[in-house]
Amino acid sequence: QKEVEQNSGPLSVPEGAIASLNCTYSDRGSQSFFWYRQYSGKSPELIMFIYSNGDKEDGRFTAQLNKASQYVSLLIRDSQPSDSATYLCAVNDNQGGKLIFGQGTELSVKP
Amino acid sequence: GAVVSQHPSRVICKSGTSVKIECRSLDFQATTMFWYRQFPKQSLMLMATSNEGSKATYEQGVEKDKFLINHASLTLSTLTVASAHPEDSSFYICSARSTGAINEKLFFGSGTQLSVL
């Protein structure tokens, strides 16, 4: 059973701080990794995707991938209350192209 | 990004009713569509994968006779919940991928909240 693991949280950070969200995956052959943001009652919204080891930055968001450790993370700099949401890590199943989701980490940014 | 339209956004129905949910890709051709279900405070669970013109592939534990999926065209997939019961109440979300490349990003519909009384 291929798995994607995240801390469910809630993770609480003050406004302006860096929020760090972590994810591990079990399938060593996975090649593509995604972070989605989901507000309550809404469908997921793609935030970042990363395919190669290292860091990928997009505005206040940085995705980090370490395939040797089977670990992917998302950093949110200068966190804002509007960033409060559940963040879902997703890993592509190389065999069937399915996206396998972690259970999500609830982030709360306090003003 | 690509737009995936999902309707209806909310359904409240009596037990035993069949409910049809539509998922359309508006500005691209979706070779593959995925249907997910999400219970409160839980993650998205893949129900089935549908490819245009062929039968859907269901995940283990998902009843194909209860959750009927039709992907008749490159822009439309439908999920029909046959004879819905209260335990089928959930948030159903479709997603679509524009090409056959497995690394291609998925775009999600806005979801359908199904409440079966």
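Parameters and conventions
- Residues numbered from 1 in each chain as written.
- Chains lettered and ligands numbered in written order.
- Predicted model: local features only at pLDDT ≥ 70, side-chain atom pairs only at ≥ 80, totals over all residues.
- Heavy atoms only, no water.
- Helix = DSSP H or I, 4+ residues; strand = E, 2+ residues; numbered from the N terminus.
- Rg over C-alpha atoms; globule rule 2.2 N^0.38 Å.
- Areas by Shrake-Rupley, 256 points an atom, 1.4 Å probe, with all protein chains shown as cover.
- Lys, Arg positive; Asp, Glu negative; His and termini not counted.
- Charge placed at Lys NZ, Arg CZ, Asp CG, Glu CD.
- Disulfide = S-S within 2.5 Å.
- Buried < 20%, exposed > 50% of the residue type's maximum accessible area, 1.4 Å probe, protein only.
- Pairing = 2+ DSSP bridges.
- Axes fitted to C-alpha atoms, helices over the stretch in contact; angles between N-to-C directions.

*Asks:* Just to check I follow, could you spell out the overall build of chain A for this structure?
*Replies:* A tally of helices and strands in chain A yields zero helices and eleven strands. For chain A, the sequential pattern of α-helices and β-strands runs β-β-β-β-β-β-β-β-β-β-β. Taking 2.2 N^0.38 as the reference for a compact globule, 111 residues should give roughly 13 Å; the C-alpha atoms of chain A span a radius of gyration of 13 Å, in line with that estimate. When the backbone C-alpha atoms are referred to their principal axes, chain A occupies close to 45 × 30 × 20 Å. Of the roughly 5,100 Å² of accessible surface on chain A, a fraction of 46% belongs to carbon and sulfur atoms. Of the side chains in chain A, 10 bear a positive and 12 a negative charge, and the two mean positions are spaced by 4 Å.

*Asks:* Would you mind showing me how to read the state of the cysteines here?
*Replies:* By definition, a disulfide links two cysteine residues through a covalent bond between their sulfur atoms. Evaluated as defined, the whole model comprises two disulfides over all chains. Sulfur-sulfur distance for the disulfide between C23 of chain A and C89 of chain A comes to 2.1 Å. Here C23 of chain A and C89 of chain A share a disulfide; its torsion about the S-S bond, -70°, makes the bridge left-handed. One end of the pair, C23 of chain A, is in strand β3 (residues 19–25); the other, C89 of chain A, is in strand β9 (residues 85–92), with 66 residues separating them in the sequence. Neither residue differs from the other here; C23 of chain A and C89 of chain A are each classed as buried. Sulfur-sulfur distance for the disulfide between C23 of chain B and C94 of chain B comes to 2.0 Å. Every disulfide takes its handedness from the sign of the S-S torsion; for C23 of chain B and C94 of chain B that torsion is 80°, giving right-handed. Of this pair, C23 of chain B sits in strand β3 (residues 19–25) while C94 of chain B sits in strand β9 (residues 90–97); the two residues are 71 residues apart in sequence, bridging distant segments of the chain.

*Asks:* What should I look at first to understand the sheet that holds strand β8 (residues 76–81) of chain B in this one?
*Replies:* By way of backbone hydrogen bonds, the strands of a sheet pair with one another, either parallel or antiparallel. All names here are of chain B. Taken in spatial order, the four strands make up an open sheet running β1-β3-β8-β7, and their pairing is antiparallel. Edge strands, defined here as strands with exactly one partner in the open sheet, are β1 (4–7) and β7 (67–73). Pairwise comparison of adjacent strand axes, ignoring direction, gives a mean angle of 15° for this sheet. Relative to β8, β7 is paired through five bridges, and the arrangement is antiparallel. Note that in β8 the partner of I69 across the bridge is L79.

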